[in-house]
Every structure is written in C-alpha cells, then in structure tokens.
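Chain and residue survey
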Amino acid sequence: LYFIHVLQLCTSTYQGNPPMFPLISFRCVQDTIKHGVNRSSCDGLVTFGVLNSGVFGDPKKGREMGRAGELISDKPELKRMKSRVLFHVHGINYHNTSPLQGTLRPMLEGYQVGLQTGDTESACWNRECILRLNTAMKLCFEVLYQLTFAISMYISCNSLFSQLLPLVCVQPARGYFV
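Residues numbered from 1 in each chain as written. Predicted model: local features only at pLDDT ≥ 70, side-chain atom pairs only at ≥ 80, totals over all residues. Heavy atoms only, no water.

A look at the overall build of the protein chain
Just so we agree on the cut-off: Runs of E in the DSSP output that reach at least two residues are strands. Runs of H or I that reach at least four are helices, and both are numbered from the N terminus. Contacts are assigned to residue pairs with any non-hydrogen atoms lying within 4.5 Å of each other. Calculation of accessible area relied on Shrake-Rupley with a 1.4 Å probe; when residues are assessed, cover is drawn exclusively from the protein chains displayed.
Scanning the protein chain for helices and strands turns up seven helices and zero strands. Ordered by position from the N terminus, the helices and strands of the protein chain form the series α-α-α-α-α-α-α. By sequence separation, contacts in the protein chain at least 24 residues apart represent 58% of the contacts at least 6 residues apart. Of the roughly 11400 Å² of accessible surface on the protein chain, a fraction of 64% belongs to carbon and sulfur atoms.

What to know about the packing of aromatic side chains
The cut-off we apply is this: The pairing test for Phe, Tyr and Trp rings, Trp by its six-membered ring, is centres within 6.5 Å, and the orientation test on the planes gives stacked under 30 degrees, edge-to-face over 60, and tilted for anything in between. Any residue under 20% of the maximum accessible area for its type is buried, any over 50% is exposed, and the rest in between are partly exposed; the area is computed with a 1.4 Å probe on protein chains only.
Overall, the coordinates contain three aromatic pairs when judged by the stated rule. For the ring pair Phe-26 and Phe-48, a centre distance of 5.6 Å and an interplane angle of 75° mean the geometry is edge-to-face. Pair noted here: Phe-26 is in helix H2 (residues 21–35) and Phe-48 is in helix H3 (residues 39–54), with a separation of 22 residues, a long-range link. A relative accessible area of 18% means that Phe-48 is categorised as buried. Taking the centre distance of 5.2 Å and the plane angle of 40° together, the rings of Phe-87 and Trp-125 count as tilted.

In structure tokens:
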C-alpha cells in the first residue's frame, strides 16, 4: 500500500508541487534499491531518468534510467504501468536525444495499453504528446519545404546570373584608358 501512495505522489507532485518531485523520485529509487522491484520502481526509475536528462543535463544517463523502467514495466504483472512509463520515457525523455519519428510508435502503444488496462490518464498523456509531436513534425516539414524552395530559387538565379554575366560585363575597348 505504501508503494501505491508513493506512485500517486510522483504524478501529483510533478503537476502540483514541482520542488517535491525530485525528492519523491529519489525516494522511489532508494526504495527500489532497498526493497526490490515493485509497482513504484517503474515510476521512480523513469522520473529519475527525466531528472537526469533535464535538470542534471545528462541525457545518456536519463535514457539508461528510462530504459531500466521500461524493461521493468514489460513484466506481465506491471502491465498497468506500461502506458505511464512509455509516456515518460518517449514523450519526455527520449525525444531530446532521438528522432521524433522513433517516439511515435511507442507512444501509440502507450495509448493503446492505457485504454486496455484502464489507465485513461496515461493514455490521454500519450495521445496528447502524439498530437503535439505530429504538429511539430508538420511545422518542421513546412519550414524544410520553404527552405528547399528558397535554395532552389537561389541556385536558379545564380545559374542565370552566371550565364548573363559575360553579356553584361563587356571588356572596355583598347586604348580607352591611357
């Protein structure tokens, strides 16, 4: 019962009292080391990974902690945690160090698992993040298209200019300058 309360604290402190979030995360990791793997271990490791990536500036360690939480959530008895873990790992942590396309499939899986297990809160987090990532990718593609168009126009103008340059810059007649 204690671990369930710690698990609920992780979510609520992240949203309601951010200064307490690292303390609760550290406590989950300490309890995992002391008592072994349980339901709150996934949340503790994943949130510790988020802290490593963001606050402590070590995305490699953050990815490792997130991956550890993800591996633990693969256990059949912890399936209910899978949606929450996938959101934290791929929606908050991995997108800083990997291409956006790689985060969409796991978050879609998190959305589906959340609906299947009744964790609608985490399912909605995954869905919201998918929508935001799709919007960001669409904006990036539009900017890239505009940039590609501008570069092709530059190349065309440069090519035309290099063809016209000999015609415009005629050599002065000999004897003009004495």
